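Residue-level listing of the chains:
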Amino acid sequence: MKNIIIFLSIIFTLVSCSKNDDQKERNPYLTDPVVNLNLNLNLPEYNGLRFPGNYVITSQGIKGIVVYCVSETQYFAYDLTDPNHVPSNCSRMEVDGPIATCPCPDDDNKYNIVNFGRHTTEPDTQYPMQSYRAVRNGNTINVSN
């Protein structure tokens, strides 16, 4: 009887496990370009990233990448393509402070960079901005995926 209970427990455990428990739903509109940037804060074009609230835009990624300084040790990096439609001529977002806005005439998509790239009006139903890892090491910020 003890062997039957152990066997049923093992079967129940195996059946209840899922491979997708920790995975986010994949965005069907975006690809995963290879990104590996090293931004030297000693250079004038990246010096602003030493101060909170400043950002720089690079040309890598799908439509460019914005790197935003939250604090001396915390940086966010997101792709500038609107994650809620297929990349097009107008889908490169414009950044004004912590808000990225899609200029396409058919939508009013806005995303908050410091709120993990979430949509400002529909955070639970829209895809967030595609993020990249941004880590400061000395005077260099490494952005990668």
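Everything discussed here concerns the structure shown above.
None of the values given here were measured: they were computed from a predicted structure.

Enquirer: Is there a simple way to explain the sheet that holds strand β5 (residues 94–96) in this structure?
Expert: Within a sheet, adjacent strands bond to each other through the backbone by hydrogen bonds, running parallel or antiparallel. Reading across from one edge, β5-β6-β7-β8 is the order of the four strands in this open sheet, with antiparallel pairing throughout. Every other strand in the sheet has two partners, leaving β5 and β8 (118–119) as the edge strands with one partner each.

Enquirer: Mind showing me how you'd approach unusual backbone geometry here?
Expert: Apart from glycine, the bulk of residues carry a negative phi angle, and the bulk of peptide bonds sit in the trans form. The backbone of phenylalanine 116 sits at a positive phi, close to 60°, despite the residue not being glycine. In this structure phenylalanine 116 comes out as exposed when scored by relative accessible area, which is 51%.

Enquirer: Whenever I open this one, the state of the cysteines confuses me. Can you help?
Expert: The term disulfide refers to a covalent linkage connecting the sulfur atoms of a pair of cysteines. If you walk through the whole model with that rule in mind, you get one disulfide. Note on cysteine connectivity: cysteine 90 is disulfide-linked to cysteine 104, with sulfurs 2.0 Å apart. Given an S-S torsion of about 105°, the disulfide between cysteine 90 and cysteine 104 has right-handed geometry. With cysteine 90 in the loop between β4 (75–79) and β5 and cysteine 104 in the loop between β6 (99–101) and β7 (110–112), the pair connects residues that are 14 residues apart, well separated along the chain. Owing to a relative accessible area of 6%, cysteine 104 belongs among the buried residues under this scheme.

Enquirer: Would you mind showing me how to read the sheet that holds strand β3 (residues 65–69) here?
Expert: The strand order across the open sheet formed by six strands is β1-β10-β9-β4-β3-β2, and the pairing between neighbours is antiparallel. Each edge of the open sheet is held by one strand with a lone partner, namely β1 (36–40) and β2 (55–58). Sheet twist, expressed as the average angle between the axes of neighbouring strands with direction ignored, equals 20°.

Enquirer: Please clarify how the nonpolar core should be interpreted in this entry.
Expert: As a rule of thumb, nonpolar side chains are buried together in soluble globular proteins. Grouped together as the largest cluster of nonpolar side chains are 16 residues, with contacts concentrated most on Leu39, Leu49, Val67, Ile141 and Val143. Among the elements of the structure, β1, β3, β4, β9 (131–137) and β10 (140–144) are those that each provide at least two residues to this core. Examining the composition of this core, we find that three residues originate from one element, β3, more than from any other. With residues near it in sequence (within four places) discarded, valine 67 still touches Leu39, Leu49, Asn54, Tyr55, Val56, Phe76, Ala77 and Val143. With 13 residues, the next largest nonpolar core counts Tyr68, Val95, Cys102 and Cys104 among its residues.

Enquirer: What exactly am I supposed to notice about the pattern of salt bridges here?
Expert: A pair can form between side chains of opposite charge whenever their charged atoms are brought close. Taken as a whole and judged by the stated rule, the model has one salt bridge. For aspartate 32, the salt bridge is made with arginine 26, and the minimal N-O distance between the two is 3.6 Å. Judged by its relative accessible area of 52%, aspartate 32 is exposed. A relative accessible area of 51% means that arginine 26 is categorised as exposed.

Enquirer: It is not clear to me how the side chain of aspartate 82 should be interpreted in this structure. Could you clarify?
Expert: Here aspartate 82 shows up in the loop between β4 and β5. Summary of buried charges: aspartate 82 has no salt-bridge partner, and the nearest side chain of opposite charge, lysine 63, is 11 Å away. A polar side-chain atom of aspartate 82 sits 2.9 Å from the main-chain amide nitrogen of asparagine 84. If sequence neighbours within four positions are ignored, aspartate 82 has contacts with Leu30, Ser91, Met93, Cys102, Asp107, Asn109 and Tyr111.

About the thresholds
- Residues numbered from 1 in each chain as written.
- Predicted model: local features only at pLDDT ≥ 70, side-chain atom pairs only at ≥ 80, totals over all residues.
- Heavy atoms only, no water.
- Pairing = 2+ DSSP bridges.
- Helix = DSSP H or I, 4+ residues; strand = E, 2+ residues; numbered from the N terminus.
- Buried < 20%, exposed > 50% of the residue type's maximum accessible area, 1.4 Å probe, protein only.
- Disulfide = S-S within 2.5 Å.
- Axes fitted to C-alpha atoms, helices over the stretch in contact; angles between N-to-C directions.
- Core = buried A, V, L, I, M, F, W, Y, C linked by side-chain atoms within 4.5 Å.
- Contact = heavy atoms within 4.5 Å.
- Salt bridge = Lys/Arg side-chain N within 4 Å of Asp/Glu carboxyl O.
- Lys, Arg positive; Asp, Glu negative; His and termini not counted.
- Polar contact = N/O pair within 3.5 Å; in protein donor to acceptor, adjacent residues only side chain to side chain.

By themselves, these are just geometric observations and shouldn't be taken as functional.
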